[in-house]
Amino acid sequence: MLATARTFTLDGIAARPVRVEVDVHRGLPGFAIVGLPDAAVREARERVRAALVNCGFEFPLRRIVVNLAPASLRKAGPGMDLAIAAALLSASDQLEWEALSRVALVGELALDGSTRAVNGALAIAEAAREGGAEAIVVPAENGAEAALAEGIDVIPLDGLGRLAALAALEWEPLRPRALSLQPAAAAGPDLADLRGQPHLRHALEVAAAGGHSLLMIGPPGAGKSLAASRLPSILPPLAAVEALEVARIASACGRLGGGLTAGRPFRAPHHTISPGGLVGGGSPPRPGEATLAHRGVLFLDELCEFRRDALEALRAPLEAGEVSISRASSRRTLPCRFMLVAAANPCPCGRGEADPDCSCAPVAVQRYQGRLSGALADRIDILAAVRQPGAAEIGGGPGEPSADVRERVAAARERQERRLGPGRCNAEMTPGEARECVLSGEAGALLAELYARQRLSGRAHDRALRLAQTIADLAGTETIDQEQMAQALALRRRDRG
Amino acid sequence: MADACPDCLRRSWLLALLGPYIERIATGEPGARSPELLRLSNEDLVAVAAPKVAAHLLARVAALSEQHLAEELRVAQCWACCRHGDLYPEGLRDAADAPWALIGRGDPGLLAGLEPVGAVTVVGARRATSYGREIARELGRELAAAGMIVVSGLAFGVDGCAHRGAIDAGRTIAVLGCGPDTAYPAAHRSLWRRISEEHLVISELPPGATPWRWTFPARNRIMAAMAGMTVVVEAAARSGSLITADLAADLGRDLGAVPGPITSRASAGPNNLLAGGACLVRDAQDVLDAMLGPGVRPIERAAPSLDPALAEVLAAVDAGESSCDGVAAALGLPCPDTAAALSRLELLGYVSCSALGLYSRTLQAPPTGAAI
């Protein structure tokens, strides 16, 4: 007997449809899986056999061939267990389910027949809807996540035993309540923890308002990491579409569920990370930290310690807002529109040349700062010098809370969206758009003077314009005045030491 | 172009051949310093440095034909002048250990009629602090702007900064311890190229000669003799720059030193020189006054005027605040306003911002009558 079932395999963050064909016929008893399965798929044999037996079904002692079509697509992960089991039951006449060909099934099986969560349930449910399936059967644990996909029935299943009841229409499962993508009000650490440091606060606010990348330089313990981790809390809340994008990535990487609130992601990879880990890679390609930080913040602490090749790999994705990973067999594009925040010490020992205790040889300092100006520097808009806060600041009251700052940031972003289009911010302005910024006469003169005196590059010129525009947006003015331009020039990263 | 007699030129080629031999005997002890060794005649020098191959080396050098030397110079885009020629700098004629010939690359016009009074040598530590680099650059710039030729050694730190400053405003000469067609240190290749194309690079050694330890004190004696004054910007207590200073003092040239913090090791050398009676150099004006007489050539500095608010911020930077937060806290101003004021001051040239985002004072003084 022949039976088929529909399922999906995860490829990066996208789900690809797979048709499971099971043929049970006379012959030497055996169980073969063909169609480019990886090790996890091949081991489905043992899981399916045990699950069937332990749920009171009979494992047919006949020749069983499972074909995963299309045969050219590499299948990965244990998510096909459920579909294989269902098709096998149908092929061996133990399950009469005329709707089997119209639903999709995903799920890993435990040996006792219960289902286990799989990665990427959201992307799979959406792909099932696109593929015309009427319903998707998912493990109960993935129910809330899969229910984010609209326009398709989501059937949560806790074990193989319930499959028969489902097929016989004896059980009508409830559609699970979709995961909430609204971040909880007091989610994450608050900017109020940052005491004093007005310059850093200002830099953070401008960075958040315009989506500008930020580099903080200062001695260890001055509050750089603390400030960076508070940045998501002052960014405007995600729009519904954006939240879904973030959830899709988190789901594909197994990070959704477990009550995780869906705020803006904050990723802080360690500086020993490989290029593949940072932008994604491997075979089959897996998303990297840059993709995980999509619509959020990617924080590179100790920027100078990162591998050069890793930072180089980040350049193109930063510009394009997406990573493209090319492999011999395929090419994947993953989204990665994140805000880059980096931190570095002023010298290898961290104290800074001006500190009499600094023990670094000038050559070592030069080499260290050389790395600063090399690595990614031309992608960084704002430079904030962070100093050790004084005793009075540390002992003083808490700073302005995130909510107040977020309000100003959101207002500034709104102005930008009105000017540039939905979802866009000043940092993404094209050179053409930057030239359209409205400058007051004095502000223009100030920029022109700087351009002439310091031999700015065109890129640096546009960067100053973008920053000034953001400061004007924060202030709510239409034209950029002289004071705002001067502030922007103070915040900008210098091209040369 | 410029010309040198073949015998003087052969001396340069001989020195290049003797490089490794002199390296062994030039210990830096009194009597065995390279400038002292270079006083010896060809025969004596070879006998002292390489007695076993003396005859062979002398024969090899004697066999170099005039055409061959000219061809080598032409291939390396160099030219030469010798102590018997007109182009040879006046200052070097005073020195007993002066080089016989100079190999140049670049504009020979810089040597034409060059008197010691028209050149200043700026030397200092290779491992200079940001203070030393800034001062060296500013000195180089202002001296060159005042018409002085700035002589230095193309080394890291102070030397390179002095050259760069001078390039911005006037003329400079780099004196090398290797052939003039070789960029040493290699990291200064682009600086070397710029100087050898638009200014002048000279050396006692022929094209292609590699540097040895002994060639640097030897090059220092040329720098010391060429200029009317030698200024030491930063140098540790036992630095090569102090050799230049000693040589300059021995020749009766003016010696200047830029003071530094007494706690700074990098400024120990110049501070010691000052204690020993060297001329105090705070800016280019001090140098010009010492060389030409007070007030003979005043430097015009047209610093832009400051409004009182900016002057206040500048005073805070003067008082040692380097960060935007620090200045804001000291003056009780909102941070964005302070940032704006600092960037205006930066534009006006009163402060500079490092790659780390910290502000420091430049040498530019506010116009008299301002609030400071």
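Definitions and limits used
- Residues numbered from 1 in each chain as written.
- Chains lettered and ligands numbered in written order.
- Predicted model: local features only at pLDDT ≥ 70, side-chain atom pairs only at ≥ 80, totals over all residues.
- Helix = DSSP H or I, 4+ residues; strand = E, 2+ residues; numbered from the N terminus.
- Buried ≥ 20, exposed ≤ 12 C-beta atoms within 10 Å, placed from the backbone.
- Rg over C-alpha atoms; globule rule 2.2 N^0.38 Å.
- Contact = placed C-beta atoms within 7 Å.
- Axes fitted to C-alpha atoms, helices over the stretch in contact; angles between N-to-C directions.
- Parallel < 35°, antiparallel > 145°, perpendicular 65-115°, else oblique.
- Left-handed = near helix turned anticlockwise from the far one by under 90°.
- Nonpolar A, V, L, I, M, F, W, Y, C, P; charged D, E, K, R; others polar.
- Core = buried A, V, L, I, M, F, W, Y, C linked by C-beta atoms within 7 Å.
- Expected span 1.5 Å × (residues − 1).
- Domains from an automatic or database assignment.
- Pairing = 2+ DSSP bridges.
- Arc of directions from axis to C-beta.

Our next topic: the overall build of chain A. Looking only at helices and strands, chain A features 19 helices and 16 strands. Summarising its shape, the C-alpha atoms of chain A cover approximately 85 × 45 × 45 Å along the three principal directions. Evaluated residue by residue, chain A yields a buried proportion of 48% over its 497 residues.

Bringing the overall build of chain B into the picture now. Counting its secondary structure elements, chain B contains 16 helices and eleven strands. A compact globule built from 372 residues would reach a C-alpha radius of gyration of about 21 Å, and chain B, at 23 Å, matches this within 12%. Across its three principal axes, chain B shows a C-alpha extent of roughly 80 × 40 × 40 Å. Intrachain contacts of chain B at a sequence separation of at least 6 include 70% that bridge at least 24 residues.

So, about the packing of helix H17 (residues 441–453) of chain A against helix H19 (residues 482–491) of chain A. Residue and element names in this part refer to chain A. Viewed as axis vectors pointing N to C, H17 and H19 meet at an angle of 30 degrees, and their least axial separation amounts to 7 Å. Accordingly, the angle class assigned to the pair H17 and H19 is roughly parallel. With respect to the hand of their crossing, H17 and H19 are arranged in right-handed fashion. Contacts between H17 and H19 pair Glu 442, Ala 443, Leu 446, Leu 447 and Leu 450 from the former with Gln 482, Gln 484, Met 485, Ala 486 and Leu 489 from the latter. Among the residues making up the contact of H17 with H19, the classes are represented as seven nonpolar, two polar and one charged.

Let us look at the nonpolar core. Ranked by size, the top nonpolar core spans 171 residues in total, and within it Ile84(A), Ala85(A), Ala86(A) and Ile136(A) carry the most contacts. Beyond its immediate chain neighbours, meaning those up to four positions away, Ala85(A) contacts Val48(A), Ala51(A), Leu52(A), Leu109(A) and Leu160(A). Cys78(B), Val120(B), Ala174(B) and Ala245(B) belong to the second largest nonpolar core, which has 101 residues in total.

The next subject is the interface of chain A and chain B. On the side of chain B, 24 residues touch chain A, which itself brings 29 residues to the contact. Considering every element that reaches the side of chain A that touches chain B, the biggest residue donor is H19(A), with six residues. When the residues that make up the side of chain A that touches chain B are grouped by side-chain class, the tally is 16 nonpolar, seven polar and six charged.

Moving on, we come to helix H10 (residues 215–226) of chain B. All names here are of chain B. With twelve residues, H10 extends 17 Å from end C-alpha to end C-alpha; this agrees with the ideal 16 Å at 1.5 Å per step. Summarising burial for H10: eleven of the twelve residues are buried, a large majority. If you check which residues of H10 are buried, you get Thr 215, Pro 217, Ala 218, Arg 219, Asn 220, Arg 221, Ile 222, Met 223, Ala 224, Ala 225 and Met 226.

On to the domain arrangement of chain A, then. Residue and element names in this part refer to chain A. By the assigned domains, chain A splits into domain 1 (2–167), domain 2 (191–418) and domain 3 (429–497). Distance between the C-alpha centres of domain 2 and domain 3: 23 Å. With 18 residues of domain 2 in contact, the opposing surface of domain 3 contributes 13 residues. Elements that contribute at least two residues to the side of domain 2 that touches domain 3 include exactly helix H7 (198–210), strand E16 (382–385) and helix H15 (402–420).

So, on to the domain arrangement of chain B. Many structure descriptions define interface size as the accessible area lost when the parts assemble. Each assigned domain of chain B is listed here: domain 1 (6–292) and domain 2 (308–361). In this structure, domain 1 of chain B and domain 2 of chain B have C-alpha centres spaced 40 Å apart.

Moving on, we come to the sheet that holds strand E7 (residues 229–232) of chain B. Residue and element names in this part refer to chain B. In spatial order, the strands read E1-E2-E6-E5-E4-E3-E7-E8-E9; together these nine strands make up an open sheet with mixed pairing. In this open sheet, the two strands that pair with only one neighbour each are strand E1 (79–82) and strand E9 (279–280). In this structure, E1 lies alongside strand E2 (residues 101–106), joined through four bridges in antiparallel fashion. Each bridged residue has a counterpart across the sheet, and for Cys 81 the counterpart in E2 is Leu 102. Along the sheet face, helix H9 (residues 189–198) touches E2, strand E5 (172–176) and strand E6 (200–203) and points at about 100 degrees away from the line of E2.

All names here are of chain A. The N-to-C vectors of helix H2 (residues 44–54) and helix H3 (residues 81–91) enclose an angle of 55 degrees; their axes lie 10 Å apart at closest approach. Taken together, H2 and H3 sit at an angle that is classed as oblique. In this structure, H2 crosses over H3, and the sense of that crossing is right-handed. Between H2, through Ala 44, Arg 47, Val 48, Ala 51 and Leu 52, and H3, the contact on the second element is made entirely by Asp 81, Ile 84, Ala 85 and Leu 88. Grouping the amino acids of the contact of H2 with H3 by side-chain chemistry returns seven nonpolar, no polar and two charged.

Below, the discussion takes up the pairing of strand E1 (residues 2–11) of chain A. Residue and element names in this part refer to chain A. Of all ten residues in E1, eight are buried, a share of seventy percent or more. Examined bridge by bridge, E1 and strand E2 (residues 14–25) share ten bridges and lie antiparallel to one another. What sits directly across from Ala 5, in E2, is Val 20.

Residue and element names in this part refer to chain B. The complete set of buried residues in helix H13 (residues 284–292) reads Ala 284, Val 287, Leu 288, Ala 290 and Met 291. Burial along H13 is one-sided: seen end-on, the buried residues are contained in an arc of 165 degrees. Following H13 by one or two positions, Gly 293 adopts a phi angle in the positive range, close to 105 degrees.

All right, on to the environment of Gly30(A) then. Relative to the assigned elements, Gly30(A) resides in strand E3 (residues 30–34). With residues up to four places along the chain from it excluded, the contact list for Gly30(A) reads Arg63(A) and Ile64(A).

For the bond from Ala69(A) to Pro70(A), the omega torsion is 0 degrees, close enough to zero to count as cis. Tracing the sequence through the fold places Pro70(A) in the loop between strand E4 (63–69) and H3. In this structure, Pro185(B) follows Tyr184(B) across a cis peptide bond, with omega equal to -5 degrees. Take Pro185(B): it is sitting in the loop between E5 and H9. Despite not being glycine, Asp93(A) shows a phi value in the positive range, around 60 degrees. Structurally, Asp93(A) can be placed in the loop between H3 and strand E5 (103–105). Here Asp93(A) falls in the exposed class, since 11 other C-beta atoms lie within 10 Å of it. If you check the backbone angles, Arg295(A) has positive phi at about 65 degrees while not being a glycine. Assignment of secondary structure puts Arg295(A) in the loop between helix H11 (289–292) and strand E12 (297–300).

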